[in-house]
Amino acid sequence: MSDQRRHVRTAFSCSIKIRHENIGELMVKTRDISDGGVFVILDAQHVPPVGSIVTGQVQGLVGDAPELKMEVVRVEPTGVGLRFIAADGD
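Remember, predicted model here, so these are calculated numbers, not experimental data.

Rules behind the numbers
- Residues numbered from 1 in each chain as written.
- Predicted model: local features only at pLDDT ≥ 70, side-chain atom pairs only at ≥ 80, totals over all residues.
- Heavy atoms only, no water.
- Helix = DSSP H or I, 4+ residues; strand = E, 2+ residues; numbered from the N terminus.
- Buried < 20%, exposed > 50% of the residue type's maximum accessible area, 1.4 Å probe, protein only.
- Lys, Arg positive; Asp, Glu negative; His and termini not counted.
- Salt bridge = Lys/Arg side-chain N within 4 Å of Asp/Glu carboxyl O.
- Contact = heavy atoms within 4.5 Å.
- Core = buried A, V, L, I, M, F, W, Y, C linked by side-chain atoms within 4.5 Å.

A. Looking closely at the side chain of Lys-17. Position of Lys-17 among the secondary structure elements: in strand S2 (residues 15–20). Although Lys-17 is buried, it forms no salt bridge, and the closest oppositely charged side chain is Glu-25 at an N-O distance of 4.3 Å. Filtering out sequence-adjacent residues up to four positions away, Lys-17 remains in contact with Glu-25, Leu-26, Met-27, Thr-55, Gly-56, Gln-57 and Gln-59.

B. Geometry of the nonpolar core. Ile-16, Ile-18, Val-28, Val-40, Leu-42 and Leu-82 are the most contacted members of the largest nonpolar core, which totals 14 residues. Setting aside residues no more than four positions away along its own chain, Val-40 makes contact with Ile-16, Val-28, Lys-29, Thr-30, Thr-78, Gly-79, Val-80 and Leu-82.

C. Highlighting the pattern of salt bridges. Enumeration according to the criterion identifies 7 salt bridges in this entry. Between Asp-32 and Arg-9 there is a salt bridge, with the nearest N and O atoms lying 3.8 Å from each other. A residue pair is termed long-range when its members are at least 10 positions apart, and Asp-32 in strand S3 (residues 24–33) and Arg-9 in the segment before strand S1 (10–11) qualify at 23 residues. With relative accessibility at 39%, the residue Arg-9 sits in the partly exposed group. Close ionic contact of Glu-76 with Arg-31 constitutes a salt bridge, the shortest N to O distance being 3.4 Å. Remark: Arg-31 occurs in strand S3 and Glu-76 occurs in strand S6 (residues 68–76); sequence separation between them is 45 residues. Relative accessible area serves as the criterion here: at 25%, Glu-76 is assigned to the partly exposed category. One network of salt bridges, in which partners are shared, links Arg-9, Arg-31, Asp-32, Arg-74 and Glu-76.

Below is the structure:
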């Protein structure tokens with residue numbers, strides 16, 4: 001399998017609250033992040049299908065972080081790769 005990523009990933013761990021209609025609301029940790037998305041660590045029972053849209057919000061900041069829409073683009077045994085979706089849908 002070739003690596004099709006356009007953005008350089010950086011190891012980064014923080015807490016994110018994600019929400020999806022099938023899994024509800026979960027607190028998860030990130031594994032890495034890039035300009036295009038983030039990988040979050042999830043148990044297999046909580047993984048939404050590829051193509052699903054989730055909402056995510058970084059936790060632990062002084063103020064409330066914005067809620068972002070993200071698409072599940074990759075599923076691995078340890079979690080999922082999420083692509084950031086621009087506010088205009090790009």
